[in-house]
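Coordinates in review
Take a look at the letters that make up each chain.
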Amino acid sequence: MIDTSDFKTGLTIELDGDPCKIVDFQHVKPGKGAAFVRTKIKNLKTGASIERTFRPGEKFQEAVMERKQMEYLYFDGEFYVFMDNETFEQSNLTEAQLDGGQRFLKENMVCLVTSFKGEVMEVELPNTVELRVVETEPSIKGSTVTGGSKTAVLETGAVVNVPLFIEADEVLRIDTRTGAYIERA
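Just so it is clear, the model here is predicted, and its values are computed rather than measured.

About the criteria used
- Residues numbered from 1 in each chain as written.
- Predicted model: local features only at pLDDT ≥ 70, side-chain atom pairs only at ≥ 80, totals over all residues.
- Heavy atoms only, no water.
- Pairing = 2+ DSSP bridges.
- Helix = DSSP H or I, 4+ residues; strand = E, 2+ residues; numbered from the N terminus.
- Core = buried A, V, L, I, M, F, W, Y, C linked by side-chain atoms within 4.5 Å.
- Buried < 20%, exposed > 50% of the residue type's maximum accessible area, 1.4 Å probe, protein only.
- Contact = heavy atoms within 4.5 Å.
- 1 Å grid on protein atoms, 1.4 Å probe; cavity = no way out; pocket = protein on both sides within 12 Å on 5 of 7 lines; lining within 4 Å.
- Points joined across faces, edges and corners; volume = space filled by probe spheres on them.
- Nonpolar A, V, L, I, M, F, W, Y, C, P; charged D, E, K, R; others polar.
- Salt bridge = Lys/Arg side-chain N within 4 Å of Asp/Glu carboxyl O.

Section: the pairing of strand β3 (residues 18–28)
With 4 bridges connecting them, strand β2 (residues 12–15) and β3 associate as antiparallel partners. When the sheet's bridge partners are listed, Thr 12 is paired in β3 with Lys 21. If you look at the hairpin formed by β2 and β3, you'll find 2 residues sitting between the two strands, and Asp 16 has a positive phi there, around 55°. Taken together, the 8 bridges between β3 and strand β4 (residues 36–43) define a ladder with antiparallel strand orientation. Bridge pairing in β4 places Lys 21 opposite Lys 42.

Rendered as structure tokens:
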């Protein structure tokens, strides 16, 4: 059991049966009245952020999150199929569970999958991926690194802004957290 005095940023607790991550907390001791703990919590099941106050000494069950590496195999038109690297068990994940990460998914990519009581809560892609440019406007002679940007369509279908000198069939390094171009690979 976790006491409110044990709260720290990033801690996961069970609140009303759902796993929740503590985003921010503050112990408040007003001049008059009892002390309390003001928290900002993110529900990992729904994605909603809420603010709650708790009395000191309240106890919560720790939400035990299972984290394992899984390999992305393919998209079957409805589900993204991942395989556990240890048991070779396959899991079908939806677009909502990937939370936008599917635009950078490449076959055989290893991701970190977090689940709670067997239900997938979060899929963490590698911080950077290398993807080939499928389509972009032709580069203009004399374009430099600081000359501006244009859009490019990558092999996974993602659209990113790239410098003017990038051409089709080049392999780029992309930051999966921001979706930003980093450099040529």
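Some thoughts on the nonpolar core
Grouped together as the largest cluster of nonpolar side chains are 26 residues, with contacts concentrated most on Phe 82, Phe 104, Leu 105, Val 123 and Leu 154. Broken down by secondary-structure element, the contributors of at least two residues to this core are β7 (66–75), β8 (80–84), β10 (110–116), β11 (119–124), β12 (128–136), β13 (149–154), β14 (159–163) and β15 (171–175). The greatest single-element share of this core, amounting to 3 residues, is contributed by β12. Setting aside chain neighbours within four positions, we find Phe 104 in contact with Met 109, Leu 125, Val 129, Leu 131, Thr 156, Ala 158, Val 160, Ile 174, Thr 176 and Gly 179. Formed by 11 residues, the second largest nonpolar core is a distinct cluster that contains Ile 2, Ile 13, Leu 15 and Ile 22.

Some remarks on the layout of surface pockets
As a volume, the largest pocket reaches approximately 650 Å³. Lining the largest pocket are 25 residues, with Gln 97, Leu 98, Asp 99, Glu 122 and Val 123 sitting closest to its centre. For the lining of the largest pocket, the secondary-structure elements that each account for two or more residues are α1 (95–98) and β11. Of the residues forming the lining of the largest pocket, the biggest block, 6 residues, is contributed by β11. When grouped by side-chain class, the residues that make up the lining of the largest pocket number 9 nonpolar, 7 polar and 9 charged.

Some details on the pattern of salt bridges
By the definition in use, this model includes 13 salt bridges. Residue Glu 124 pairs with Arg 67 through a salt bridge whose shortest N-O separation is 3.5 Å. Here Glu 124 is found in strand β11, whereas its partner Arg 67 is found in strand β7, with 57 residues between them in sequence. Note on Glu 124: relative accessible area 37%, which makes it partly exposed. Taking relative accessible area as the criterion, Arg 67 reaches 47% and is therefore assigned partly exposed. Arg 173 is paired through a salt bridge with Glu 183; the nearest N and O atoms lie 2.3 Å apart. Pair noted here: Arg 173 is in strand β15 and Glu 183 is in strand β16 (residues 180–184), with a separation of 10 residues, a long-range link. Taking relative accessible area as the criterion, Glu 183 reaches 35% and is therefore assigned partly exposed.

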